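# Coordinates in review
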Amino acid sequence: MIVEIVSKAGKRIDVHVFEKNSISIGRGYDNDLILSDPYIEGEHLQVSLDAESGDYQVEDLATLNGTRLDGSGQTLQSSSLKQVSAGQPICIGKTYLRFVSKSEPLPRTLKLSSFEPMLHRISGWWVGLVATCVLIGLVVLDAYISNPYSEELLKDFNSVLIVLAMVGVYAGFWALIARLNSREARFFMHANLILLGFIVLSVLDYLSYPYEFNFGWLVPFTQLNIAVNLVVLTAVFYISCRQATELKAWLCTLLGIVLGLLFHYQHISVALYPPDFIASPSYSMALTPPSLQVTGGVSRDEFIRLANDSYQLPPEDENE
């Protein structure tokens, strides 16, 4: 006899196999199948298998909350036998059971992800600790470069706390989805994955300052930033989705693109509907060292001369 514990939606949670055709189910330790559901009696249900027909007979043992046939909502009468077909779920307390036969077809075997070796390596808690330290360093460095004269750099740690909170919510969400799909939760794997994604994006932000200084006139960094961010986040969402669900690869890719677009909705909106005036390169207090200046700097006098040549005053009227 094979008994499956399933979710309300019919998803398999656990499987119990017995070598006999009659078992008892309840919370008591003398039962064949012991369940911890507090809404179940000590001796709740008696189940028998007809080996010839493959049908099951269930008997509710005069319980307080009864036994229900899922789907029809019918409650079994106490101490009376009821025939149940293989695969038909029943509910006792808040636990859903399903009796199946050995010939029950199995779901297809899932192929291990090609990312499995990498995911195994980044699932350790120490990877998350190192990634968190690196991310904090990058955030502080970016804060100093973008505003080197600020005396309140400690405020930038608020952004670190926000990022870490987002990481926790993200990892918890996918771990829950994985559990609901009877898969490994891998909380640290999802957390480390999104942390590494944020590190890549932080490095990209750090490189934005010399890029804007040297090439901002050619291709605005905002467009390049959106494209790279979308690729990174889509890859992260895709890997998490593939690990936690049974969705097809193209659905996971589509979901990753949609989530990436939602994450950058504000930047995309600005790119599609730009304001009337955009400075190129954008105004910033960031200092680009001479070693990163492709075009090189100029002296103060040369800068003033070039500025005067660019903005010439109109000729003075002799009558004035």
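What counts and what doesn't
Residues numbered from 1 in each chain as written. Predicted model: local features only at pLDDT ≥ 70, side-chain atom pairs only at ≥ 80, totals over all residues. Heavy atoms only, no water. Buried < 20%, exposed > 50% of the residue type's maximum accessible area, 1.4 Å probe, protein only. Helix = DSSP H or I, 4+ residues; strand = E, 2+ residues; numbered from the N terminus. Pairing = 2+ DSSP bridges. Axes fitted to C-alpha atoms, helices over the stretch in contact; angles between N-to-C directions. Polar contact = N/O pair within 3.5 Å; in protein donor to acceptor, adjacent residues only side chain to side chain. Core = buried A, V, L, I, M, F, W, Y, C linked by side-chain atoms within 4.5 Å. Contact = heavy atoms within 4.5 Å. Salt bridge = Lys/Arg side-chain N within 4 Å of Asp/Glu carboxyl O.

### Section: the pairing of strand 1 (residues 2-6)
With five of its five residues buried, strand 1 lies for the most part within the structure. The alternating pattern of strand 1 places Ile2, Glu4 and Val6 on one face and Val3 and Ile5 on the opposite face, and all of these are buried. In textbook terms, the turn of a hairpin is the stretch between consecutive antiparallel strands, and for strand 1 and strand 2 (residues 12-17) this stretch comprises five residues, one of which, Gly10, has a positive phi near 90°. One ladder, built from five bridges, connects strand 1 with strand 10 (residues 95-100); its direction is antiparallel. Along strand 10, the bridge assignment pairs Val3 with Phe99.

### Description of the sheet that holds strand 4 (residues 33-34)
Strand order in the open sheet formed by five strands is 4-3-5-6-8, and the pairing between neighbours is mixed. Edge strands, defined here as strands with exactly one partner in the open sheet, are strand 4 and strand 8 (81-84).

### Quick look at the sheet that holds strand 7 (residues 67-69)
Strands in a sheet are paired, the pairing made by backbone hydrogen bonds, and the direction either parallel or antiparallel. On the basis of which strands lie adjacent, the open sheet formed by five strands has the order 2-1-10-9-7 and antiparallel pairing. A single partner strand is all that each edge strand has here, and the edge strands are strand 2 and strand 7. Strand-to-strand twist in this sheet, taken as the mean axis angle between neighbours without regard to direction, amounts to 30°.

### Remarks on the side chain of Arg183
For Arg183, the position within the fold is in the loop between helix 3 (157-180) and helix 4 (187-215). Of the polar contacts made by the side chain of Arg183, one reaches the backbone oxygen of Thr245; its length is 3.2 Å.

### A few points about the nonpolar core
Among the nonpolar cores identified, the biggest contains 31 residues, and Ile122, Leu135, Val167, Tyr170, Leu193, Ile194 and Phe198 are the most heavily contacted of them. Taken together, the elements giving at least two residues each to this core come down to helix 2 (125-146), helix 3, helix 4 and helix 5 (221-244). If we ignore the near neighbours within four places in the chain, the residues touching Phe198 are Leu135, Val163, Met166, Val167 and Phe263. Membership of the second largest hydrophobic core comes to 20 residues, among which are Met1, Tyr56, Val58 and Leu97.

### A short note on the pairing of strand 2
Sheet analysis places strand 1 next to strand 2, joined by five bridges and oriented antiparallel. Residue pairing in the sheet places Val3 in a bridge with His16 of strand 2.

### Overview of the pattern of salt bridges
For the coordinates displayed, the defined rule picks out four salt bridges. Of the charged contacts, one joins Glu4 and Arg12 as a salt bridge, the two residues approaching to 2.9 Å between their closest N and O atoms. Its relative accessible area of 30% is what places Arg12 among the partly exposed residues. Salt-bridge contacts for Glu184 lead to Arg186; the nearest nitrogen and oxygen are separated by 3.6 Å. On the basis of relative accessible area, Glu184 is assigned to the exposed category, the value being 52%. Since its relative accessible area comes to 16%, Arg186 is described here as buried.

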